[in-house]
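# Working through the structure, step by step
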Amino acid sequence: MRLFRTVGVAAVAALAASGWGVASAGAAGVASVEPEAVGKSGTQLAPDQVGRSANVQHLFNTPHVMPVDSTGSDITFSGNKAFVGNYDGFVIYDVTNAAQPEVLARVLCPGSQNDITISGDLLYLSTDSSRSDSSCDSTSSPTTLKASWEGIKIFDVSDPRNPEYIKAVETNCGSHTNTLVPGEKSDFIYVSSYSPRADYPDCAPPHDSISIVEVPKADPTTASVVAVPNLFPDGGNPGGRHPSGDSYSATTGCHDITAFPAKKIAAGACMGDGIIMDISNPVAPKVIERIQDTANFAFWHSAIFNNKGTKVVFTDELGGGGRATCNTTVGPTRGANGIYDLSADNQLTFKSYYKISRHQNDSENCVAHNGSMIPVASRDVMVQSWYMGGTSFWDFTDSDNPREIGYFERGPNGNVGGGGGGTWSSYYYNGHVFSSDLGKGFDVLKITDPSLKKAADVKMGEYNPQTPPVFATR
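Residues numbered from 1 in each chain as written. Predicted model: local features only at pLDDT ≥ 70, side-chain atom pairs only at ≥ 80, totals over all residues. Heavy atoms only, no water.

### Some words on the sheet that holds strand β32 (residues 432–437)
Our working definition: For two strands to pair, DSSP has to find at least two bridges joining them. Strands are runs of DSSP state E lasting at least two residues, helices are runs of H or I lasting at least four, and both sets are numbered from the N terminus onward. Every angle, taken between N-to-C directions, lies between 0 and 180 degrees, and every axis is a line fitted to C-alpha atoms, over only the stretch in contact when it is a helix.
Read from one edge to the other, the open sheet built from four strands follows the order β4-β33-β32-β31, with strand pairing classed as antiparallel. A strand with exactly one partner marks an edge of an open sheet, and here the two such strands are β4 (56–62) and β31 (423–429). Within the sheet, the average angular offset between the axes of one strand and its neighbour, ignoring direction, is 20°. The pairing of β31 with β32 spans six bridges and is classified as antiparallel. Bridge pairing in β32 places Y429 opposite H432.

Below, the structure written as C-alpha cells:
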C-alpha cells in the first residue's frame, strides 16, 4: 500500500538550489543571521538571533525544505534515528553524528499535525485535519462531509530509506495526538482528539472519550479501533472564565496522554481537566484521579511524569500556541506548567507553577509546550519547548521552587529559515537535545552543565516521550 512519496537527497538538493524555502547557512548548517548571543534572551535579541546560556551549545540546524516538509511538529526516536513529524509528512534522520544528522527519507503525507510514535519497525502518525481519503495523495475535505477521513496511519520503517505505508484506521474526531501503550502481542494506541460539533458526522458532541487502536504485532495490517472509553461520564469541566478575563476550556475529550507503563498508569491533559488513569487493562482505562485549575489554567495541553513516576508536570497552552504570554501582563502563573506530586495511591497534590522568566516581545508567541525528562539520578530536570520562548532546561527537584538552569532561543521572527512560530518539541535522547521548530527546522542542542554529565551515559534503544521508561539514571 505505497500511497505516498519519498523525496531523495538529490531532489532535496534541487529544491534547495531552486530557492524553495532554504536559508543560507553557515558552519554546521546554522542559518547566518546576527552572531549568537551568550547570556542574552527575549527582548534583548535581534530578529532570528540565537540567544543561549553559556551551558547550552547549538550544534546544528537544518531549515525546512519547502514544499517537501513544513510546520515542524513532534519527534520520536529509535536506535540512531530521529523521526520528525511535520504538517506535510515526516523526515527520518540518522543522528549517529548528532552534530551533523543525515536525512534518510522525507515522506510526503499531508495531514496535520502528524504527531508521531515509534514501536519497533512500526511508526504511527496522527491525522487531525479532514482529508478526502486515507492516502498520502489526499486533499483537504470538509469536516461536515461523512466521506472525509481522519485518524491513524501506520508505516513500516524497517528500511528507513524506504518506509512503507501499510494501514489506515479512522477514528472519531481524527487523531490530534497518539500515545503508545505497549503490550506483549499488540500495541495499543490511545488516540486523543477534541472539539466536536453538531454538524460533524464523525465528531458530534458529546465527545468525552478517547479511541483505542489495537495493532497486532504479528499482523499490523489488521489494526482496528477496539474501544472508545468515555472518560468523563459527567461531561467534564464545563468551561468558564477566569477573573483575568481569559476563558478556560470545557472538556470535550483529551489533548494529550502520557503513559507510564512501569506503574500501569497514564496522565491525561484533557482541555479542562487533568487526570490519572489505571491502564492495567489497556483497552479499559479507568480514571482514578481528576483535578481542575479554574484559577489559572486555560487549556490542559500535556502531561509529563518525572523519572520515578512520583510527580506530574501538566502544561497550560493559554492562547492555543499563538499568543504572546511570556510577559509581565500575563504573569508567571498562566500559560505555565503546574507541578504536582503523585502519591503512592495515585493522588495529585499541587505544589507550584513554573514559567520561563525570559520575557519575550509582544510579537512572539510563547507558552508552555512539549518536553521530556533528562535521565539524572536524585534530581528532576526537564527540557521543554516554549514556542518562541525557545528551549528551557529547568530543575523541579524541589517541587515548590522550580528554577531554570539553561536555555536556547531565537529572537523575533525575521523570516530566516522559512517562517516563525518557535519550537514545538524539545526532547533529550542519548546525550543530546533534539528540537523541532515550526518554521526554522530541526535543531540539535547539548547542555554542558557538569551536574548533568552522567545523563549521557544512559543509552536508549527506543524512546517515545509520551511513553517514558524508568530510566537507569546515573
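### Here's the deal with the side chain of S209
Which entries qualify depends on this criterion: Each residue is assigned to one of three classes by its accessible area relative to the maximum for its type, calculated with a 1.4 Å probe on protein chains only: buried under 20%, partly exposed between the two thresholds, exposed over 50%. Throughout, a residue-residue contact means that at least one pair of heavy atoms, one from each residue, lies within 4.5 Å.
On the secondary structure map, S209 appears in the loop between β14 (186–192) and β15 (211–216). Exposure remark for S209: the relative accessible area of 11% places this residue in the buried category. In this structure, S209 is in contact with V228, P229, N230, L231 and G253, ignoring residues within four places of it in sequence.

### Overview of the pairing of strand β23 (residues 300–305)
Of all the six residues making up β23, six are buried; the element is thus mostly covered by neighbouring parts of the structure. In this structure, β23 lies alongside strand β24 (residues 311–316), joined through five bridges in antiparallel fashion. The partner of I304 across the bridge, within β24, is V313. Counting the residues between successive antiparallel strands, the hairpin from β23 to β24 contains five residues, one of them, G309, with a positive phi of roughly 70°.

### Notes on the state of the cysteines
Just so we agree on the cut-off: In this description, a disulfide is simply a cysteine sulfur pair whose atoms lie within 2.5 Å.
What the rule picks out here adds up to four disulfides. Disulfide partner of C173: C203, at an S-S distance of 1.9 Å. Handedness here is read from the sign of the S-S torsion; for C173 and C203, about 95°, the answer is right-handed. One end of the pair, C173, is in the loop between β12 (164–170) and β13 (177–182); the other, C203, is in the loop between β14 and β15, with 30 residues separating them in the sequence. The burial state of C173 is the same as that of C203; both residues are buried. Put simply, C254 and C270 are joined by a disulfide, and their sulfur atoms are 2.1 Å apart. Disulfide C254 to C270: torsion about the S-S bond roughly 70°, handedness right-handed.

### Describing the nonpolar core
What counts is decided by this rule: Here, the term nonpolar core denotes a set of buried Ala, Val, Leu, Ile, Met, Phe, Trp, Tyr and Cys residues that are joined through side-chain atoms within 4.5 Å.
Residues I75, F77, F434 and F442 are the most contacted members of the largest nonpolar core, which totals 33 residues. Where this core is concerned, the elements lending two or more residues are β4, β5 (72–78), β6 (81–86), β7 (89–94), β31 and β33 (441–447). Apart from residues lying up to four places away in sequence, F434 is in contact with I75, F77, V95, A98, S425, S426, Y427, Y429, F442, D443 and V444. Listed in part, the 17 residues of the second largest apolar core include A269, F297, V312 and A336.

### Remarks on the packing of aromatic side chains
Selection criterion: Centres within 6.5 Å are what make two rings of Phe, Tyr or Trp a pair, Trp counting through its six-membered ring; a difference in plane orientation under 30 degrees is then read as stacked, over 60 as edge-to-face, and the rest as tilted.
On inspection of all chains with the given rule, the structure shows 22 aromatic pairs. For the pair F155 and Y165, a centre-to-centre distance of 4.9 Å together with 20° between the ring planes defines the contact as stacked. Pair noted here: F155 is in strand β11 (residues 149–156) and Y165 is in strand β12, with a separation of 10 residues, a long-range link. Per residue, the accessibility class of F155 equals that of Y165, and both read buried. Ring-pair connections join several aromatic residues into one group, and the members of that group are F77, Y93, Y429, F434, F442, Y463 and F471.

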